[in-house]
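# Inside the fold
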Amino acid sequence: MTIGSMIGDIVESLFKKPVTQQYPFERKEAPERFRGRVHYEPGGCTGCQLCVKDCPAYALELITIDKAAKRFVMRYHMDRCVYCGQCVISCRFSSLRMAHDEWELAATSRSPFVIDYGLPEDLATLHGTEAEPEPDACRNV
Ligand code: SF4
Ligand code: SF4
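All of the points below concern the structure found in this document. From a predicted model like this one, the values you see are computed outputs, not experimental measurements. (Residues numbered from 1 in each chain as written. Chains lettered and ligands numbered in written order. Predicted model: local features only at pLDDT ≥ 70, side-chain atom pairs only at ≥ 80, totals over all residues. Heavy atoms only, no water.)

Relative to the helices and strands, Ser 90 resides in helix α3 (residues 86–90). For Ser 90, a relative accessible area of 8% puts it in the buried group. If sequence neighbours within four positions are ignored, Ser 90 has contacts with Leu 50, Cys 51 and Asp 54. (Helix = DSSP H or I, 4+ residues; strand = E, 2+ residues; numbered from the N terminus. Buried < 20%, exposed > 50% of the residue type's maximum accessible area, 1.4 Å probe, protein only. Contact = heavy atoms within 4.5 Å.)

Okay, here's the thing in structure tokens:
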């Protein structure tokens, strides 16, 4: 590279808009297929445990509340998850999905990284509390 062409690049870059994004003040929409936080819908879950067995990071635990009634709580260790999407592929009952718009997951303590998903009454049974409806049927433990 000659000095002349370098000077050309320097002058050009002085008048170019920076390509860097001013995060967190500017946010781009994540792509539709971006693999963010895992969610669990208890409705169709059969308790087959395939997702738990196939997770390479040991990030999922299925807690049985009542096997006959197919009532389960899924404990998701978000801090272990490597966002590979294998659990979603393994589940044949569409009980798991990854939220493309939930990717800003940093926290200053560990507690938000362990999430229990389930019906409010099953979460209450597990935690020994009164059943109360919670947003997204989940609770951090
Ligand atoms: S996305 Fe991958 S690492 Fe995360 S819970 Fe699913 S299988 Fe495990
Ligand atoms: S693979 Fe699907 S149906 Fe089987 S335990 Fe996991 S979430 Fe439930």
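Turning our attention to the pattern of salt bridges. Going through the model one piece at a time under the given rule, you end up with six salt bridges. Here Arg 27 ties to Glu 104 by a salt bridge, and the two come within 2.8 Å at their closest N and O atoms. Of this pair, Arg 27 sits in the loop between α1 (3–14) and β1 (38–40) while Glu 104 sits in the loop between β4 (96–98) and β5 (114–117), placing them 77 residues apart in sequence. Residue class for Glu 104 comes out partly exposed when judged on its relative accessible area of 38%. The partner of Asp 79 in a salt bridge is Arg 110, with the nearest N and O atoms 2.8 Å apart. In this pair, Asp 79 is assigned in the loop between β3 (71–77) and α3 and Arg 110 in the loop between β4 and β5, connecting sequence segments 31 residues apart. Assessed through its relative accessible area of 33%, Asp 79 is described here as partly exposed. Judged by relative accessible area, which is 63%, Arg 110 ranks as exposed. (Salt bridge = Lys/Arg side-chain N within 4 Å of Asp/Glu carboxyl O.)

Ranked by size, the top nonpolar core spans 23 residues in total, and within it Tyr 40, Met 74, Tyr 76 and Leu 96 carry the most contacts. For this core, the elements supplying multiple residues, two or more each, are β1, α2 (50–54), β2 (60–66), β3, β4 and β5. With three residues, the top contributor of residues to this core is β3. (Core = buried A, V, L, I, M, F, W, Y, C linked by side-chain atoms within 4.5 Å.)

Moving on, we get to unusual backbone geometry. Residue Pro 24 is reached from Tyr 23 by a cis peptide bond, and omega for that bond is 10 degrees. Within the secondary structure, Pro 24 is located in the loop between α1 and β1. Here Gln 49, not a glycine, exhibits a phi torsion of approximately 70 degrees, which is positive. Even without glycine at this site, Ser 94 takes up a positive phi of about 50 degrees.

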